[in-house]
Amino acid sequence: MQVSPRLPSLNAVRVFEAAARLLSLKLAGEELGVTASAVSHQVRQLEEALRVRLFARSNNAIQLTAEGERFLAAVTPGLDTIAAAAAALHRDANEVFVRASVSLALRWLIPRLGHFRELHPSIRVRLETPVSAMADHDDIDVVIGYSRSGVMAQGATVLFEDVCVAVAAPLNAARYAGRSAEAVVASAPFISATPDDWDWRKWAGHFGVDPARLRITSRFDTDDAAWEASAAGLGLALATPRLIERELDRGLLVVTGPEDGLHFGTYWVRTRPPARRGAELFEKWLLELVKRA
C-alpha cells in the first residue's frame, strides 16, 4: 500500500511565506505578531521537514534559495485559496458581492440600487468594477457579464440584449437623421471605443458599406469617454440606449442615422452556487427589473 507523504505544518508554511515575501524575519514576525526568533524557529523546522534549505542566511539577512523560490511559488496560491475560503465562511449572509463592468455599473446598475435597498434594507451590496467583468472567483456572489459571441458563462441567465444605435450631439444628429448609412459614412466623423473598431465595422457591414470608408477621427479606451466626446460634438458614437438614458433624457445625445438598432452582444447574470440568500434576492431583482423595463 502506498503511503501518503507527510504534510508539513501549515503554520510553518504560513510563516515561511511571510518571511519569503518580505525577505526579513523581523518584518515577518511583526506581520504575524510573533518574534523574529519564533519565525526563524518555524522556518528551520520546515526546512528539516522538507530536507532542503529554503533560505541562505548571512549577516542577519536572508535570501531565497532556488528550492525556496520554487516552494514559495507553489504554496502561495494554496494559502490564498485557504484565506479566501476562510473569509467566505465568515461573510455575512446578508451581504452580496457583485461584479460588473464600469459602464454598466455606473450608468445602469448604481442608479437602480436604491430600489433594491428599499425592497431589502438588510442586505448590503458590495460592487466591484474590474476591467473585465467576465472574471469569476470564490469571493464573487453575482457576476454581470457580457458576451459578443452569444456564448454565456455556464449557469448564466440572459439579462438583456445589447442592441446599439448611432448617437450624436443634437446639432450633429440633425445633419444625419433619417439618412442612409452610405450618406452618413460619406461625411460624418466617427468616434471609436474599441481597439480594432469592430463595432463600427460591423455596423457598416450590416448596412452594406465598406468599413474602410469609415473616418474614425477620435478613439477612446472606454465607452463612457466616447459618449462624452460625442455629446461634446466630436462625432458619432455607438451606444446601448439603456446605458445612455441620462443623456437621451436631457437631450445631450440624440439617435441619428439609420434607425435600425444592431445587435452586438448579450449582457448576462450568473450567481455562484451554492447561492446565498442575498445573491438569490439580488439576481431575482435584476431579472424582474429588466422584465418591467
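Here, the structure is the one placed above.
All values derive from a computational prediction rather than experimental measurement.

Could you give me a rundown of the pairing of strand β1 (residues 55–58), with the residues and numbers involved?
Regular strands place their side chains on alternate faces of the sheet. Where β1 meets strand β2 (residues 61–64), 4 bridges bridge the pair, whose relative direction is antiparallel. Note that in β2 the partner of F55 across the bridge is L64. What sits between β1 and β2 in their antiparallel hairpin is a turn of 2 residues, with N59 showing a positive phi close to 50 degrees.

An account of the nonpolar core is needed here, citing residue identities and associated values.
By size, the foremost hydrophobic cluster in this structure holds 33 residues, and its most contacted members are L104, W108, L109, I144, L159, F282 and L286. Where this core is concerned, the elements lending two or more residues are β3 (95–99), α5 (102–109), β5 (142–147), β6 (157–168), α10 (223–231), β9 (237–239), β11 (262–271) and α12 (277–292). With 6 residues, α12 is the single largest residue contributor to this core. Sequence-distant contacts of L104, that is, excluding residues within four places in its chain, are made with L109, I144, F160, L243 and Y267. The next biggest cluster of nonpolar side chains, apart from the first, holds 20 residues, and it includes A166, W198, L214 and L238.

I'd like a rundown of the pattern of salt bridges, residues and numbers included.
Think of it this way: side chains of opposite charge can pair up when their charged atoms draw near. Tallying each qualifying case throughout the model produces 14 salt bridges. Note that R21 and E17 form a salt bridge whose closest N and O atoms lie 2.8 Å from each other. A residue pair is termed a helical-turn pair when its members lie 3 or 4 positions apart in one helix, as R21 and E17 do in helix α1 (residues 10–22) at 4 residues. Here R21 falls in the partly exposed class, since its relative accessible area comes to 43%. A salt bridge links E247 to R246, with the nearest nitrogen and oxygen atoms 3.2 Å apart. A cluster of three or more residues bridged by salt bridges with shared partners is formed by R107, D224, R246 and E247.

Give me the lowdown on a nonpolar patch on the surface, citing residues and values where you can.
A surface patch of nonpolar side chains, amounting to about 300 Å² of accessible area, comprises V102, L106, I110 and L127. By the secondary structure assignment, V102 is in helix α5. Since its relative accessible area comes to 36%, V102 is described here as partly exposed.

Give a description of the packing of aromatic side chains that names residues and reports values.
Think of a pair of aromatic rings as described by two things: how far the centres are apart, and how the planes are tilted against each other in angle. Under the definition given, this model contains 13 aromatic pairs. Here the aromatic rings of F16 and F55 are separated by 5.5 Å at their centres, their planes lie at 50 degrees, and the arrangement is tilted. Of the two residues, F16 sits in helix α1 while F55 sits in strand β1, which places them 39 residues apart along the sequence. Owing to a relative accessible area of 0%, F55 belongs among the buried residues under this scheme. Pairwise contacts between aromatic rings join W108, Y146, F160 and Y267 into one cluster.

I'd love a proper account of unusual backbone geometry, names of residues and values included.
As a rule of thumb, non-glycine residues mostly have phi less than zero, and peptide bonds are mostly trans rather than cis. Cis rather than trans, the peptide bond between P273 and P274 has omega equal to -10 degrees. Relative to the elements of secondary structure, P274 occurs in the loop between β11 and α12. Backbone geometry places L23, a non-glycine residue, at a positive phi of 50 degrees. Checked against the element boundaries, L23 lands in the loop between α1 and α2 (25–32).

Talk me through the environment of N60; I want residue IDs and the actual numbers.
You can see N60 is positioned in the loop between β1 and β2. Taking the C-alpha atoms as reference points, N60 and S24, separated by 36 residues in sequence, lie 8.8 Å from one another.

Explain the side chain of E95 to me, using residue names and the numbers behind them.
If you trace the backbone, E95 turns up in strand β3. The residues contacting E95, other than those within four sequence positions of it, are R124, R126, D141 and R276.

Which residues make up the environment of I144, and what values do they have?
Of note, I144 is situated in strand β5. Given a relative accessible area of 1%, I144 falls into the buried group. With 39 residues separating them in the primary sequence, I144 and A105 have C-alpha atoms 9.2 Å apart.

How would you sum up α1? Please name residues and give values.
End to end, α1 covers 18 Å across 13 residues, agreeing with the expected 18 Å (1.5 Å per residue, within 8%). The complete set of buried residues in α1 reads A12, V13, V15, F16, E17, A18, A19 and A20. Following α1 by one or two positions, L23 adopts a phi angle in the positive range, close to 50 degrees.

Hey, could you go over the pairing of β6 for me, with residue numbers and the actual values?
In the sheet, β6 pairs with β11 via 7 bridges, with the strands oriented antiparallel. Bridge pairing in β11 links E161 to T266. Bridge count between β6 and strand β10 (residues 254–255): 2 bridges; the pairing is antiparallel. Across the sheet, residue A168 finds its bridge partner in β10, namely V254.

The rules behind these values
Residues numbered from 1 in each chain as written. Predicted model: local features only at pLDDT ≥ 70, side-chain atom pairs only at ≥ 80, totals over all residues. Heavy atoms only, no water. Pairing = 2+ DSSP bridges. Helix = DSSP H or I, 4+ residues; strand = E, 2+ residues; numbered from the N terminus. Core = buried A, V, L, I, M, F, W, Y, C linked by side-chain atoms within 4.5 Å. Buried < 20%, exposed > 50% of the residue type's maximum accessible area, 1.4 Å probe, protein only. Contact = heavy atoms within 4.5 Å. Salt bridge = Lys/Arg side-chain N within 4 Å of Asp/Glu carboxyl O. Patch = residues over 30% accessible without salt bridge, like charges linked within 9 Å, V, L, I, M, F, W, Y side chains within 5 Å. Areas by Shrake-Rupley, 256 points an atom, 1.4 Å probe, with all protein chains shown as cover. Phe/Tyr/Trp six-rings, centres within 6.5 Å; stacked < 30°, edge-to-face > 60°. Expected span 1.5 Å × (residues − 1).

Keep in mind these numbers describe shape, not what the thing actually does.
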